[in-house]
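Coordinate inspection notes
The chain contents come next:
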Amino acid sequence: SGNKIGTIVACETNLFFPGLFRHHSLWFYGGLQENKINPNSFYQFAGFVNYPRGYHGQENQDLFSLKCNYKLPLFYPDWGIGSLLYIKRFKLNLFYDYAEGSGLGYRNIYNSTGAELTADLHILRFIFPFDLGVRCTYLPETQGIGFEFLYAINY
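Criteria and thresholds
Residues numbered from 1 in each chain as written. Predicted model: local features only at pLDDT ≥ 70, side-chain atom pairs only at ≥ 80, totals over all residues. Heavy atoms only, no water. Helix = DSSP H or I, 4+ residues; strand = E, 2+ residues; numbered from the N terminus. Contact = heavy atoms within 4.5 Å. Areas by Shrake-Rupley, 256 points an atom, 1.4 Å probe, with all protein chains shown as cover. Lys, Arg positive; Asp, Glu negative; His and termini not counted. Charge placed at Lys NZ, Arg CZ, Asp CG, Glu CD. Core = buried A, V, L, I, M, F, W, Y, C linked by side-chain atoms within 4.5 Å. Buried < 20%, exposed > 50% of the residue type's maximum accessible area, 1.4 Å probe, protein only. Phe/Tyr/Trp six-rings, centres within 6.5 Å; stacked < 30°, edge-to-face > 60°. Lys NZ or Arg CZ within 6 Å of the ring centre and 35° of its normal. Pairing = 2+ DSSP bridges. Patch = residues over 30% accessible without salt bridge, like charges linked within 9 Å, V, L, I, M, F, W, Y side chains within 5 Å. Salt bridge = Lys/Arg side-chain N within 4 Å of Asp/Glu carboxyl O. Polar contact = N/O pair within 3.5 Å; in protein donor to acceptor, adjacent residues only side chain to side chain.

1. Some details on the overall build of the protein chain
- Helix and strand content of the protein chain: zero helices and eight strands.
- For the protein chain, the succession of helices and strands along the chain, N to C, is β-β-β-β-β-β-β-β.
- In terms of overall dimensions, the protein chain has C-alpha extents of about 65 × 30 × 30 Å along its principal axes.
- A separation threshold of at least 6 residues defines the contact pool for the protein chain, and within that pool the share at least 24 residues apart is 52%.
- Total accessible area on the protein chain stands at roughly 10200 Å², and carbon and sulfur atoms take up 63% of it.
- If the 12 positive side-chain charges of the protein chain are averaged to one point and the 12 negative ones to another, these points end up 7 Å apart.

Listed below in C-alpha cells is the structure:
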C-alpha cells in the first residue's frame with residue numbers, strides 16, 4: 001500500500017567465554033541489521049543493532065557490528081562509610097568495537113577501543129548493588145577521546 005513505512009530485519013548473538021585467569025571473562029557480540037525504508041515515508045525505524053561505543057546519532061540502512069570485551073576484577077577493597085556507602089569491588093573492562101554501515105551508494109566504517117572502570121557498591125544499604133563508573137573511548141578515525149559516566153542497578 002502507499003503508506004507502508006518499510007521493513008527491518010535484525011539478528012544479534014552474544015558469546016561468553018572464560019578469560020585467562022580466574023574471574024576473568026571474554027565476551028563477543030555480533031549483530032546484523034537490514035532496514036528497507038520506503039523513500040516516500042517520513043518515518044524511519046529505530047535500529048536494533050548496537051553501534052560501537054563512542055558513536056551517537058548515526059543512521060545507516062544496513063549495519064554489521066562486532067564487539068569484544070575482556071573483563072576482570074581489579075581488587076576487592078570492602079570499604080564502608082557507615083550506612084552510607086559500601087564498595088565491594090572494582091572492575092576493568094577492555095573493549096574493541098567495529099561496525100560497517102551502508103545505504104544507497106555509501107559505506108561507513110566505525111570502530112572504537114577503550115576501557116571501562118566500574119565499581120560494585122551499595123548506597124544507603126539499598127539491597128541491590130549499583131554498578132557505577134567511567135568509560136574512556138578512543139576513536140581511531142578522528143583520534144578523539146571521550147568519557148562517559150556509567151551506571152546500572154543489578155537486580
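2. Re the nonpolar core
- Formed by W27, Y29, V49, Y55, L63, A99, Y110 and L139, the largest nonpolar core amounts to eight residues.
- Those residues in contact with W27, other than ones at most four positions away along the chain, are N14, L15, F16, R53, K67, C68 and N69.
- Grouped together as the second largest cluster of nonpolar side chains are five residues, I87, A119, L121 and F130 included.

3. Concerning the packing of aromatic side chains
- Per the stated rule, a full pass over the model turns up 11 aromatic pairs.
- Measuring from ring centre to ring centre gives 6.0 Å for F149 and Y151, while their planes differ by 25°; the resulting arrangement is stacked. Of the two residues examined, F149 and Y151, each falls in the exposed class.
- Connected via pairs of aromatic rings, a cluster forms that spans F126, F128, F130 and Y155.
- Stacked on the ring of F95, the Lys or Arg R53 has its end atom at 4.0 Å from the ring centre.
- Above the ring of Y29, the side-chain terminus of K67 is found at 5.8 Å from the ring centroid.

4. Focus: the environment of D97
- The residue D97 is located in strand β5 (residues 85-103) in this model.
- Along the chain, D97 and N38 lie 59 residues apart, while their C-alpha atoms are 30 Å from each other.
- Each residue touching D97, except ones within four places of it in the same chain, is listed here: P52, R53, L66, K67, C68, Y110, N111 and S112.

5. Notes on the pairing of strand β8 (residues 144-153)
- Taken together, the 10 bridges between strand β7 (residues 130-139) and β8 define a ladder with antiparallel strand orientation. Residue pairing across strands places L139 opposite G144, the latter belonging to β8.
- Counting the residues in the hairpin turn of β7 and β8 gives four residues, including Q143, whose phi is positive at 55°.

6. Brief notes about a nonpolar patch on the surface
- Taken together, the side chains of L74, F75, W79, L117, V134, Y138, I145 and F147 present a nonpolar region at the surface, about 790 Å² in accessible area.
- Among the elements of the structure, β3 (62-75), β7 and β8 are those that each provide at least two residues to the nonpolar patch.
- Along the chain, the position of L74 falls in strand β3.

7. Some thoughts on the side chain of N69
- By the element assignment, N69 lies in strand β3.
- At 2.8 Å, the side chain of N69 and the side chain of R53 are in polar contact.
- Among residues more than four places away in sequence, those in contact with N69 are S25, L26, W27, R53, N93, L94 and F95.

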